Amino acid sequence: MLRALAACPPAFALAGVAGLAACGGSSGARVGAGTGTGNGPVAVTDRRVKVSGTPDVSLQVRDWQRPGTTGPTIVLLPGLGGNARCFDSLAPALASRSRVLAISRRGYGLSDKPVPVKTATQHYEVDTLTSDLKAVLDELGLLRVVLGGHSIAGNELTRFAGRYPERVRGLVYLDTTFDYTLNGDTGGEELPLNRRLDEPRPTARDSRSLQAAIAFNRRKTKNWWPPLEANLLDAVDLRIDGSVRMKTSEAIDTAVDTAAHSFSPDYKAVRAPALVVTALPADNRDLFPWLELPLDAKTEKDAADYLRILRRARISDSNLLVAALNTPHRLTLDNCGHTDFYMEREAEVLRAIQFMTWA
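I will try to describe carefully the structure that is included in this document. Just so we're clear, the structure is a prediction, and the values are computed from it rather than from any experiment. (Residues numbered from 1 in each chain as written. Predicted model: local features only at pLDDT ≥ 70, side-chain atom pairs only at ≥ 80, totals over all residues. Heavy atoms only, no water.)

Moving on to the pattern of salt bridges. Scanning the entire structure with this criterion turns up 27 salt bridges. With a shortest N-O distance of 2.6 Å, Asp46 and Arg62 are connected by a salt bridge. Within this pair, whereas Asp46 is found in strand 2 (residues 41–53), its partner Arg62 is found in strand 3 (residues 56–65), the two being separated by 16 residues in sequence. An identical accessibility class is assigned to Asp46 and Arg62; each is buried. Among the ionic pairs, Asp127 bridges to Arg159, the shortest N-O distance being 2.6 Å. Linking Asp127 in helix 2 (residues 126–139) with Arg159 in helix 3 (residues 153–163), this pair joins segments that are 32 residues apart in sequence. The exposure class of Asp127 is partly exposed, given its relative accessible area of 34%. With relative accessibility at 30%, the residue Arg159 sits in the partly exposed group. (Salt bridge = Lys/Arg side-chain N within 4 Å of Asp/Glu carboxyl O. Helix = DSSP H or I, 4+ residues; strand = E, 2+ residues; numbered from the N terminus. Buried < 20%, exposed > 50% of the residue type's maximum accessible area, 1.4 Å probe, protein only.)

A separate point is the nonpolar core. If you look at the biggest cluster of nonpolar residues, it comprises 42 residues, and the most contacted ones within it are Phe87, Phe341 and Val349. Not counting residues up to four positions away in its chain, the partners in contact with Val349 are Leu90, Leu174, Leu331, Leu333, Phe341 and Tyr342. One finds Leu137, Leu140, Leu171 and Phe178 within the second-largest nonpolar core, a separate group that totals 34 residues. (Core = buried A, V, L, I, M, F, W, Y, C linked by side-chain atoms within 4.5 Å. Contact = heavy atoms within 4.5 Å.)

A few words now on the side chain of Ser104. Looking at the element boundaries, Ser104 is found in strand 5 (residues 100–104). Polar side-chain contacts of Ser104 include one of 2.6 Å to the side chain of Gln60. Within the structure, Ser104 has its side chain in polar contact with the backbone nitrogen of Ala84 (distance 2.8 Å). Apart from residues no more than four positions distant in its own chain, Ser104 is found in contact with Leu59, Gln60, Asn83, Ala84, Gly109 and Ser111. (Polar contact = N/O pair within 3.5 Å; in protein donor to acceptor, adjacent residues only side chain to side chain.)

A word on the pairing of strand 3. Burial of strand 3 is extensive: 8 of the 10 residues sit out of reach of the surface. The pairing of strand 2 with strand 3 spans 10 bridges and is antiparallel. For Arg47, the partnering residue across the bridge sits in strand 3 and is Val61. In sequence, strand 2 turns back onto strand 3 through a hairpin of 2 residues. Pairing of strand 3 with strand 5 involves 5 bridges; the strand directions are antiparallel. Its bridge partner lying in strand 5, Asp63 is registered against Leu101. (Pairing = 2+ DSSP bridges.)

Under the 1.5 Å per step criterion, the end-to-end length of helix 2 is 20 Å for 14 residues, consistent within 8% with the ideal 20 Å. Among the residues making up helix 2, those that are buried are Val126, Leu129, Thr130, Asp132, Leu133, Ala135, Val136 and Leu137. Looking at the residues trailing helix 2, positive phi occurs at Gly141, about 70°. (Expected span 1.5 Å × (residues − 1).)

All right, on to the environment of Ala230 then. Here Ala230 shows up in helix 5 (residues 226–235). Of the residues examined, Ala230 reaches a relative accessible area of 13% and is grouped as buried. Spatially, the C-alpha atoms of Ala230 and Arg85 are 5.7 Å apart, while their sequence positions differ by 145 residues. Residues within four places of Ala230 in sequence aside, it is in contact with Arg85 and Asp88.

The interhelical angle for the contact between helix 4 (residues 210–219) and helix 5, taken along N-to-C directions, is 130°, at an axis separation of 11 Å. One way to sum up the angle between helix 4 and helix 5 is to call them oblique. Once helix 4 is placed against helix 5, the crossing between them reads as right-handed. Contacts from Leu210, Ala213, Ile214 and Asn217 of helix 4 reach helix 5 at Glu229, Leu232 and Leu233. Looking at the contact of helix 4 with helix 5, its residues break down into 5 nonpolar, 1 polar and 1 charged. (Axes fitted to C-alpha atoms, helices over the stretch in contact; angles between N-to-C directions. Parallel < 35°, antiparallel > 145°, perpendicular 65-115°, else oblique. Left-handed = near helix turned anticlockwise from the far one by under 90°. Nonpolar A, V, L, I, M, F, W, Y, C, P; charged D, E, K, R; others polar.)

Here we come to the pairing of strand 7 (residues 168–174). Summarising burial for strand 7: 6 of the 7 residues are buried, a large majority. Sheet topology note: the strand 6 (residues 145–150)/strand 7 ladder contains 6 bridges and is parallel. Residue His150 lies in a different strand from strand 7, and its bridge partner there is Leu174. Of the crossover connections in this fold, the one passing from strand 6 over helix 3 to the parallel strand 7 is right-handed. Looking at chain direction, strand 7 and strand 10 (residues 274–280) are connected through 4 bridges and run parallel. The residue bridging Val172 from the neighbouring strand is Leu275, located in strand 10. (Right-handed = clockwise from strand over helix to strand, strands pointing away.)

Listed below in structure tokens is the structure:
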């Protein structure tokens, strides 16, 4: 069975680490300039916002603004293994009409990384992550926002909207899962077992240099976009010998993954308008980009069966999410992958978000 049937998580990993692959000021802010899709420039400011004193935790926040925009403030949360840089293309595009922020949750990117000690999920429970989000909004003086979340961030959207309904104007679920504690609807079929379909694991050679790390991660994704490379750069430490290692420990990866898959969301508490975006793989490049041709007959059949079962499960899961949110607003994108669909199909995602009427 497919546990929660979350599509493949972002693949950012190096040897020795298992990759499970928000105005106001703050000290250390860095400002850069970019080009917006509307009239006038979009400027991005990098901030660190303190969200906890025990333990001491500050989060990486990227803040895109264009003078004169009147749309709602949009806050974007990455999926498992990702950080704020994943949104380096979608965020400035949205910033043509709105102020847009992207946050690296604790444990990832340039955010602080407390290590779980007392329990396997200590410091990374969904309630802790939503409290972090509230702390960022409070610090930056943001009273009501539209929240967008990729993959497991859907848990944070649902929980935050239930705990603080007065702070939420709308929700954008970016290929998330209805309930990560449930098995997906496979129609009673078992997923085929074939090691060639397993995502490649990193070796020591893949961390010997930054170039090797990039090459390894390129092999595991359908397309290698600038935001994916920026995400990787914020996820690794460059050592004096030129090798790299992940900043996020395996214990933290496991804590976030375990906490996400132990949380059953309460959609009855959600009152805000919601948009559900679903990405459906249509071929091996979408689902198994690392497969090298030609395929043997067994692998070709197993890949086709896996794809068919997964598509069924993802469509069923998306229907459950739409029904639970009681929303007519959905966008289904075919022939794309979970990790990078909002880059590959950015124009369609952008239009769907900008079409929405928020509370």
